[in-house]
Amino acid sequence: MVLKKKKREIQVDAFFLDQQQLEKLQRFSKAEEQNLASLLLQCAQLNNGIQQIQCIKKIMPLVEKMGQNSACDPMVKACLDILGETYFSLGAKNPLKKVLASSLNGLPERFMMLAVQSFVCCLREELKTTDVYLYRKVLENLASCMEDFSLGRASVKNLFEEVLQFLQKSFLDIQEENRQNHGNHVVQTQLMHDLLIAIKVSMMLVQKLQENIQGSLWKHHESFVWQSMCSLLKSSTNFLMDAALLQTVQTTSGLAVILFTKTMYEPAEELPSLVSDLLLGSIKHTDVPEWFLSNCGTLCTEECPDSVLLFLCHGALAMLEWKNGSMGENGEKLLLDIASVLLSLSSELKESSMAMSLSRILAIWTNSAQAAIVSGSPNLKIKLNGNSDIIGKLLEYIYTHWEHPLDAVRHQTKLIFKNLLQIHRTTITGSNEKSDPFFARLIKHLLSLEWHVKGKYASLGCLVECVGTENILQLDRTIPVQILDVMNDQSLAPYASDLLETMFTNHKAHFTLSFQESTWIDQWHDIWVSPLLVILCEGNHDQTTYIIDYYLPKLLKCSPDSLSYMIRILQASADANLGSRGTRGALGALMACLRTARAHGHLELSTMMSNGLVSTECIKQGLVHQHNQVCIDALGLLCETHRSTEIVSKEEMQLIQFFMMYNLNSQSPSVRQQIGSLLRKLFCRIQESSQVLYKLEQNKTKQELLENSTKRHPLGILQQYKDFMSSVCDRLFEVLFPGSSHPTRFSALTILGSIAEMFSVPKGQAQVFQLDQEIDSTRVRTLIQCFASTFEEVKVLAFGLLMKLRDVAFNLQDSENVDLLFQAAMDLSTSTKPYDCVTASYLLNFLVHHKGLQHICLGKWLEHNSQVDENTSVSTVEKNTLAVIKLLLVNVEEEIFQAKKSLLQAAASFPMYGRVHCITGALQQLPFNTLTLVAEWKEMVARLILMSYKLSAVVSPVVQSSSPEGLIPMDSDSESAGRLQMILHEIQPQDTNDYFIQAKILKEHCKVESEKLADHRPMDNICTEMRGKERQTCDVTAQMVLVCCWRSMKEVSLLLGTLCKLLPSHATSEPSDGLITVEQVKNIGDYFKHHLLQSRHRGAFELAYAGFVQLTEMLSRCNSESLRKMPAQWLSGVLEEIKSCDPSSTLCATRRSAGIPFYIQALLASEPKKSKTDLLKMTMKELISLAAPLNESPSVIPKVHALNILRALFRDTRLGENIMPYVADGIQVAILGFTSPVWAVRNSSTLLFSALITRIFGVKRGKDENSKKNR
């Protein structure tokens, strides 16, 4: 189905003139007729950028009508001055700038000198800029002037020396500013991008205005231009050598060094030799000009860094002329030397960004080689022949990198292989390519490889284009079947389908050229279509799914006529082969083919039915088939169309209703998702086709078109649409009865959500259906009851739907109902069942949107704040959320006070985590950027942080114990009690209960003032709690206490992580502008550090990690330098503690180092992705050193920690490809760790090895993974 993309409205910022400019235009404008001044004045008074563009386009026609003597008119001069000022004030990406430049390109010659004077004056003012942070605008203006703008280029040419001077200054100033802001990643990144633009502009200047340089450069080495060029060359060399800069800056500097050297070097024919010597490190100082040594001396050393050599190779390939043999033999030698250097670097540069650059530069080399070989010498053709050493080494590079983890490297590898084939073809021009031994050897080698080698597919595809499919099939006719058999693996399916497409397309072209008539089609079908139909009928689920997704659409696109052949074959056996739960059968295969054909526009459903290709009964059989995917394909046949405005027929609606009777309770999550997705497409068709019908109804002049297209009255179809949608909603609400299954609820709510979203009413647009008209109080209650589901995804869907319908929902709820709902939410927030507090959170988040919540519910709970009420600028959500959080906070503070007296009583009666969860949920849906009650929120945040610390102090002794899972003895023998006294002494809980000596019964009296623990009667293995007035008995187990404690720790961590986000991160913001202070953030950081490094319980430290990640991500973007440096300081501190082997260290050496790996993961993952990842490099170096068996540490604990941390880092997907260069060292450390005499080291080494295998080979994707061969 082709969904029409909505046209994106182009936002154009309008320009404004100052008072002086406006007065100047008013002075020259004429009321009686339009002149240039009045047109500009009219343009400046417009507030819409689009309208200003239309106005600017009128300037040139008006100027062309002006007489010959107009150039002397002061009005023209004034207008050109204003146009120049306007041009330079506009941003580089503003379309107005390009439109203005395009218009001024058509300026008549008689006005050109005057315009150049105006622009030169404006540009001169721009070049006087001294603020380094405003350089970007000047540089962008210079770039705009030199790009397809004759007036701008003339201005730059006139001010050539001033521009050169500005560029020199910008290089030095930006570099110095970058040095002063070391550690401030945000500012440094901005400065580096400014520097990148400066280098690009300097290169553009040299390339576009070369005649300015050539005129005064060679013979006047003392001239200003020469000195400036030397300065630019020296700065570019420094940037190239500076590894602290962004890689893009270094790469561009490599281009600049070669370009500037090429411009300045004489004689030009010796330049390739200089670059060759530079790359090979064989440069002789006596053969090099003095100016080159003084400016590029660092490049002439023998030990040039590998990355610098790589960027110089790129510069030489991109900046030197390789076509037409213009560089002669020296150029050919340089080309071969570059290949040699690049291939040697491929074994050295392992970092992902460098590996990517190397593959891209090798691809550029193959392009340059293709250009050079056309007019190259016979010697070059011999050295670049397929049998040569260089091509052999390049093939080795391809074989080792075609399954590289980086997609970009794999893509470049394919490009290199394709170009190598073209290079060889050029060297054997005139001979028979199909019988060439090099090609024959390559084909034989590739076919000998196993089909699970991904690189094989793209390489064979390239060879097909050279030698043809027929020649490959002559070697083995079963290749198409072999490739189809591979397609049960999703990771190989895209590669296999691409190869098959290349082969069958080439084969069809071969047959078309070889045979005059279409007698070949049966042979083509036997090879490419028949094996497909066999697999569709009898193949396993994965294989048929991937073939339908990847292969079938490409086959139909190549040969749409093959569809009738497919249908004929499948229909013949459809009745006999209906399929089963495990196979599609002919009926399933038919549904799949018809669905794909209709979705891609090869067939229409009305045509299918009228021609008897498929019957309604056949589709019904598909819709209730026992094979899930056949049902989905039959539904897809009804829902997916090539045009999103195709009218939905009555038959389709009836079939959809039939489908919904039987398939809403599917147990498969993927099937439920596909049903939701397909029905969404159907609703989109109904919505879009209804808009077409409304327009047809309004436009009576198109009645004939209507009769031809729909054959029915539009209003009749629209009524059918409305009735159909209403019946769908009835069915969906019908299945949402209390006690309905999770799959049914999920399906119904997903579909209702799609309906609410798809049929939302834009202003001024008729809508065929509105969900809120189908809603009544019973249905609102049904949706609210979905919050009670134990599955959170059902709660999420119900909440999302209620939010879309909240105005109607609240209108249907009376005050009593709202009060009851609020009371229920408050009760659930303190339930001992963990999922109840999630229900409470969603219920409260829904109720805070009710305008009357303060008066209906909150008034009797909290003291009334008239000031907040009177402030009409405060939104309902903000007022209600503040009040709800205040109420929850008051309750949880009281509960913490009680928990200090008895943790058992808290676990059994009022576990505090529910209240905190509701507070976090309320905060997360609040728009913090638009808060009005800032003072109240600041106070609230301070109270929340204090409450978090208090709650943590109560529960943390349990989760930090060396035995958090079993604190409460379930028996009362003295031996157990004695052992557990040790744990009690270790954790020193704030709970005053002496529950280690004997089992205890807790009683809760009716009166609060006499509340105490009593009646210590021993009972067998039970702690009993008497709750409330009813004195209901319930067990308090160790698990209940533990759950209360670790969930409380979890919620505290998530709350603190959420609060940290309130600190403003923008450079323009002051820390005081936020709702949280810098000091509070530092304290929260120390809290997380303490608990991650001390907690023993996995649930506790895993969830503390979730909050800590939120904090570290905020710190990396923060404007405060002290906060920004904290992750690096924390990281250094913990690494030092690990290395120190201090006996007093509280770090946990068991439980896989507990929270330590999580702590380090969070710190490293927060590093900006585009940075140099210095923290990661430093950490990996330290850890691999610690984990190495040669490390002669007096204790094995640091080694165990290092192995456990390495395992966590290699498993972390957020570190991405930055971790790949350390895989080899990690494998070595893990394998050598197996030889350790210490069990803890061997165990951690085994876990590390497992993580590395997953990182290298990926996760297991299929059930039949063991069937893969690996030779």
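Residues numbered from 1 in each chain as written. Predicted model: local features only at pLDDT ≥ 70, side-chain atom pairs only at ≥ 80, totals over all residues. Heavy atoms only, no water.

Some remarks on the overall build of the protein
When you go through the protein residue by residue, the secondary structure sums to 62 helices and 3 strands. Counting over 1271 residues, the protein shows a buried share of 54%. Look at the contacts in the protein between residues 6 or more apart in sequence, and 74% of them connect residues 24 or more apart. With an accessible surface of roughly 57700 Å², the protein has 51% of that area assigned to carbon and sulfur atoms. (Helix = DSSP H or I, 4+ residues; strand = E, 2+ residues; numbered from the N terminus. Buried < 20%, exposed > 50% of the residue type's maximum accessible area, 1.4 Å probe, protein only. Contact = heavy atoms within 4.5 Å. Areas by Shrake-Rupley, 256 points an atom, 1.4 Å probe, with all protein chains shown as cover.)

Focus: unusual backbone geometry
Note the cis peptide between Glu-266 and Pro-267, where omega equals -5°. Following the sequence through the fold, Pro-267 ends up in the loop between helix 14 (247-264) and helix 15 (271-280). Positive phi, normally seen in glycine, also occurs at Asp-148, with a value near 50°. Tracing the backbone shows Asp-148 in the loop between helix 8 (135-146) and helix 9 (150-158). Take Asp-148: its relative accessible area is 62%, and that puts it in the exposed class.

Description of the packing of aromatic side chains
Aromatic ring pairs: the centre-centre distance and the angle between the two ring planes describe each pair. The final tally for this structure, using the stated rule, is 27 aromatic pairs. Between Phe-810 and Phe-846 the ring centres are 4.8 Å apart and the planes differ by 20°, which places this aromatic pair in the stacked class. Here Phe-846 lies in helix 45 (residues 834-847) and Phe-810 lies in helix 43 (residues 806-811), a separation of 36 residues in the sequence. Phe-810 gets classed as buried once you look at its relative accessible area, which sits at 11%. With relative accessibility at 1%, the residue Phe-846 sits in the buried group. Chaining the aromatic ring pairs together yields one cluster made of Tyr-87, Phe-88, Phe-119 and Phe-149. Positioned above the aromatic ring of Tyr-87, the side-chain terminus of Lys-97 is 4.4 Å from the ring centre. (Phe/Tyr/Trp six-rings, centres within 6.5 Å; stacked < 30°, edge-to-face > 60°. Lys NZ or Arg CZ within 6 Å of the ring centre and 35° of its normal.)

Structural notes on empty space enclosed by the protein
In this structure the tally under the stated criterion is 2 cavities of 30 Å³ or more. Here the largest cavity is characterised by a volume of approximately 60 Å³. Every residue lining the largest cavity is listed: Leu-36, Ile-59, Met-60, Val-63, Met-66, Val-76, Leu-80, Leu-83, Leu-104, Leu-107 and Phe-111. At the level of secondary structure, the elements contributing two or more residues to the lining of the largest cavity comprise helix 4 (59-64) and helix 5 (74-89). (1 Å grid on protein atoms, 1.4 Å probe; cavity = no way out; pocket = protein on both sides within 12 Å on 5 of 7 lines; lining within 4 Å. Points joined across faces, edges and corners; volume = space filled by probe spheres on them.)

Quick notes on the pattern of salt bridges
Counted by the stated rule, this structure contains 28 salt bridges. Taking the shortest distance from any N to any O, the salt bridge between Glu-640 and Arg-595 comes out at 2.8 Å. Of this pair, Glu-640 sits in the loop between helix 35 (628-639) and helix 36 (650-662) while Arg-595 is found in helix 32 (residues 585-599), placing the two residues 45 residues apart along the sequence. Exposure class is identical for Glu-640 and Arg-595. Each is buried. Of the charged contacts, one joins Lys-1050 and Glu-1051 as a salt bridge, the two residues approaching to 3.8 Å between their closest N and O atoms. Here Lys-1050 matches Glu-1051 in class, with each residue buried. (Salt bridge = Lys/Arg side-chain N within 4 Å of Asp/Glu carboxyl O.)

Notes on a nonpolar patch on the surface
A cluster of nonpolar residues, Val-624, Met-661 and Tyr-662, forms a patch on the protein surface that exposes about 310 Å² of accessible area. Positionally, Met-661 belongs in helix 36. (Patch = residues over 30% accessible without salt bridge, like charges linked within 9 Å, V, L, I, M, F, W, Y side chains within 5 Å.)

Description of the nonpolar core
Among the nonpolar cores identified, the biggest contains 408 residues, and Trp-365, Ile-755 and Ile-1160 are the most heavily contacted of them. Not counting residues up to four positions away in its chain, the partners in contact with Ile-755 are Phe-683, Met-725, Val-728, Cys-729, Leu-732, Phe-769 and Leu-771. (Core = buried A, V, L, I, M, F, W, Y, C linked by side-chain atoms within 4.5 Å.)

Digging into the confidence of the model for the protein
For the protein, per-residue confidence averages 81 on the pLDDT scale, and residues scoring 70 or more make up 84% of the total. Contacts of residues 990-1034 to residues separated by more than four positions or lying in other chains number 98 contacts, the stretch itself having pLDDT below 50. Under a pLDDT of 50 for its full length, residues 1065-1069 has, in the predicted model, 6 contacts with residues more than four places off or in other chains. (pLDDT = per-residue confidence, 0-100.)

Describing the side chain of Thr-830
Following the sequence through the fold, Thr-830 ends up in the loop between helix 44 (815-828) and helix 45. With a relative accessible area of 16%, Thr-830 lands in the buried category. Leave out the neighbours within four places in its chain, and Thr-830 touches Glu-895, Ser-909, Phe-910, Pro-911 and Arg-915.

Observations regarding the side chain of His-525
Mapping His-525 onto the fold places it in helix 28 (residues 521-528). Assessed through its relative accessible area of 6%, His-525 is described here as buried. Residues within four places of His-525 in sequence aside, it is in contact with Ser-530, Pro-531, Ser-562 and Tyr-565.

Structural notes on the environment of Ile-364
Here Ile-364 lies in helix 19 (residues 352-374). A relative accessible area of 23% means that Ile-364 is categorised as partly exposed. For the pair Ile-364 and Leu-415, spaced 51 residues apart in the sequence, the C-alpha separation amounts to 9.5 Å. When near neighbours in sequence (up to four residues on either side) are disregarded, Ile-364 contacts His-314 and Leu-317.

A word on the packing of helix 24 (residues 455-467) against helix 27 (residues 493-514)
Between two packed helices, the angle of one axis relative to the other and the distance separating the axes together describe the packing. The geometry of helix 24 relative to helix 27 is characterised by a closest axis approach of 9 Å and an angle of 10° between their N-to-C directions. The orientation of helix 24 with respect to helix 27, classified from their angle, is roughly parallel. Contacts from Tyr-457, Leu-460, Gly-461, Val-464 and Glu-465 in helix 24 reach Tyr-495, Ala-496, Leu-499, Thr-502, Met-503 and Asn-506 in helix 27. Classifying every residue of the contact of helix 24 with helix 27 by side-chain character gives 7 nonpolar, 3 polar and 1 charged. (Axes fitted to C-alpha atoms, helices over the stretch in contact; angles between N-to-C directions. Parallel < 35°, antiparallel > 145°, perpendicular 65-115°, else oblique. Nonpolar A, V, L, I, M, F, W, Y, C, P; charged D, E, K, R; others polar.)

Digging into the environment of Asp-277
Checked against the element boundaries, Asp-277 lands in helix 15. Measuring from C-alpha to C-alpha, the distance between Asp-277 and Asp-337 comes to 9.3 Å, with 60 residues separating the pair along the chain. In this structure Asp-277 touches Ser-282 and Ile-283, once residues within four positions along its chain are discounted.

Notes on helix 32
Taking 1.5 Å of rise per residue, the 15 residues of helix 32 would be expected to cover 21 Å, and the 21 Å separating its terminal C-alpha atoms lies within 8% of that figure. Counting buried positions along helix 32 gives 15 out of 15 residues, so the element sits mostly inside the fold. Immediately downstream of helix 32, the backbone of Gly-601 shows phi near 80°, a positive value. (Expected span 1.5 Å × (residues − 1).)

Examining helix 1 (residues 19-28)
Residues three or four positions apart in an α-helix share a direction because the helix packs 3.6 residues into each turn. Three or more residues of helix 1 are buried, namely Gln-21, Leu-22 and Leu-25. Seen from one end, helix 1 has its buried residues packed into an arc of 100°, which puts them on one side. With respect to the buried face of helix 1, the exposed residues turned more than 90 degrees away are Gln-19, Gln-20 and Arg-27. Looking at the buried residues of helix 1, the elements they touch are helix 2 (36-44) and helix 5. Among the residues of helix 1, the N-terminal cap falls to Asp-18, whose side-chain oxygen and the backbone nitrogen of Gln-20 are separated by 3.2 Å. (Arc of directions from axis to C-beta. Polar contact = N/O pair within 3.5 Å; in protein donor to acceptor, adjacent residues only side chain to side chain.)

Concerning the state of the cysteines
If you walk through the whole model with that rule in mind, you get 0 disulfides. Lacking any disulfide linkage, Cys-230 is separated from the closest cysteine sulfur, that of Cys-296, by 8.9 Å. Cysteine Cys-1045 remains unbridged, with the sulfur of Cys-1044 as its closest cysteine sulfur at 5.1 Å. With a relative accessible area of 0%, Cys-1045 lands in the buried category. (Disulfide = S-S within 2.5 Å.)

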